[in-house]
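# Chain and residue survey
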Amino acid sequence: MDDINLHYRFLNWRRRIREIREVRAVRYRERLKRMLRDGDVLRYHGNSDEVGCFVAARPLSKRNRYFEVTIIETGVRGMIAVGLVPQFYKLDHQPGWLPNSVAFHADDGKLYNGNTVGQQFGPKCCRGDRIGCGISLDGEDGQLTVFFTKNGHEVGNVEIPASPDGLYPAVGMHSLGEEVLLDLNAEWGMEEDDGQMIVDSHEEDWARLHDVKVTGTLLEYVGKGKSIVDVGLAQARRPLNTRFHYYELEITDAGEKCYIALGLARRDYPKNRHPGWSRGSIAYHADDGKLFHGSGVGDPFGPRCLEGDIMGCGIMFPRDFSIDGGDDIDDWDFDGVAKPFEVHNDLYANNEDEDEDEGEDLEGRKVMVFFTRNGKVVGRREVALPVGGFYPTIGMMSTGEKVRVDLHPLSG
């Protein structure tokens, strides 16, 4: 009976993930008109009598508050606008012209706030200038503060009514030859005497980062990528639990060899070991499609994953699963948990025997771990839950690898 119930729960999981993916396929789709996009470059593709407009696939949010546009060419008139608009904004209007939109226009330095008549706001912008737009969540109830920057310095801000559906990064153009470089992952920083201070880098989401750089929700491998000990590791601050039981990554750049691994690991997992290679971990590896479970030898599991693919990992907890103190992970007391793996050295990377000597007392009850690719379940494996839980853990190991991570995809 338990096997039958587990089977039906698994089928429900598959259906739920598929439905969420279908909704997002419609919801998160960029829109553009009279523009051409080549990678991160946007070019005007009209006759100068008509507006061209681009609207990003995702709105600005608490996790991604800022974006930038660098003017490559001003074209005939330099009528380039950068701002925020509703998702289904009319693409034959410049950002800022219609209600519920706001934009800074490069040709006249004016702010357009839901009106075709602009207000003097800042300096004009020319070729080579970098225009930024971001949001602050410190406004009054029902209000959102939108700020604009030029070349890393704030120009000014304006309060507008907050939209329950979010506001999306937008770029408008209106003359031949206009061309910009779009950076939807830009950081907003303030120059100070002691160097660069980065705001909202999302490092607080991660308990451990080794040879991995965080930029918003983007993780980038910055290690040497020369041998198997050059693993870059990112481990989340909180383990999966009955409330947040699934996470995803999108491969935005496969790098040289796509040595990207997505999985779960114990809290004190070795920093120079790919997820899945050592005891207390399990992972799906993108380069070969194999599943690694506490061993350097993987099992055939699913298809390989390439740039643009979305990999997911989750836990199907038993119905009676509970953690003393409730689901609030911040309240967990880890001080009393034994930490036999706390001391590491580089020799451990090539020592599989050390894993085999650990006692079984570190393992708790069994849970079902499953993996997905582009919204479809690839497979599952029953594993023992380590004391302290399973933490989302991502490994990378070749130059140029980048992934975008969503630690709570089922909550939005």
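Residues numbered from 1 in each chain as written. Predicted model: local features only at pLDDT ≥ 70, side-chain atom pairs only at ≥ 80, totals over all residues. Heavy atoms only, no water.

The name that an unreviewed UniProt entry assigns to the protein chain is SPRY domain containing 3, with the source organism given as Neolamprologus brichardi.

## Some remarks on the overall build of the protein chain
When helices and strands are tallied, the protein chain shows 2 helices and 30 strands. The proportion of buried residues among the 412 residues of the protein chain is 49%. Only carbon and sulfur atoms are counted for the fraction: they give 46% of the accessible area of the protein chain, which is about 20,000 Å². (Helix = DSSP H or I, 4+ residues; strand = E, 2+ residues; numbered from the N terminus. Buried < 20%, exposed > 50% of the residue type's maximum accessible area, 1.4 Å probe, protein only. Areas by Shrake-Rupley, 256 points an atom, 1.4 Å probe, with all protein chains shown as cover.)

## Here we look at the pattern of salt bridges
As enumerated under the stated definition, the model contains 12 salt bridges in all. For the salt bridge of D205 with R63, the shortest nitrogen-to-oxygen distance reads 3.1 Å. Taken together, the residues span a long stretch of sequence, with D205 in the loop between β16 (195-198) and β17 (206-210) and R63 in the loop between β4 (52-55) and β5 (66-74) at a distance of 142 residues. R63 gets classed as partly exposed once you look at its relative accessible area, which sits at 28%. R130 serves as the salt-bridge partner of E68, at 3.0 Å between the closest nitrogen and oxygen. Placement of E68 in strand β5 and of R130 in strand β10 (residues 130-136) is noted, with a sequence separation of 62 residues between them. Its relative accessible area of 10% is what places E68 among the buried residues. A relative accessible area of 29% places R130 in the partly exposed class. Among the charged side chains, a salt-bridge network with shared partners connects E30, R37 and D40. (Salt bridge = Lys/Arg side-chain N within 4 Å of Asp/Glu carboxyl O.)

## Some thoughts on unusual backbone geometry
At N151, a residue that is not glycine, the phi angle is positive and equals roughly 55 degrees. Its identity as a non-glycine residue notwithstanding, N374 has a phi of 55 degrees, on the positive side. Looking at the element boundaries, N374 is found in the loop between β27 (363-373) and β28 (376-386).

## Some remarks on the nonpolar core
Membership of the largest hydrophobic core comes to 38 residues, with the highest contact counts inside it found for L219 and V369. Per-element tally for this core: the top contributor is strand β21 (residues 246-254), with 4 residues. Counting residues in hydrophobic clusters, the runner-up holds 31 residues, among them L42, F67, L84 and F121. (Core = buried A, V, L, I, M, F, W, Y, C linked by side-chain atoms within 4.5 Å.)

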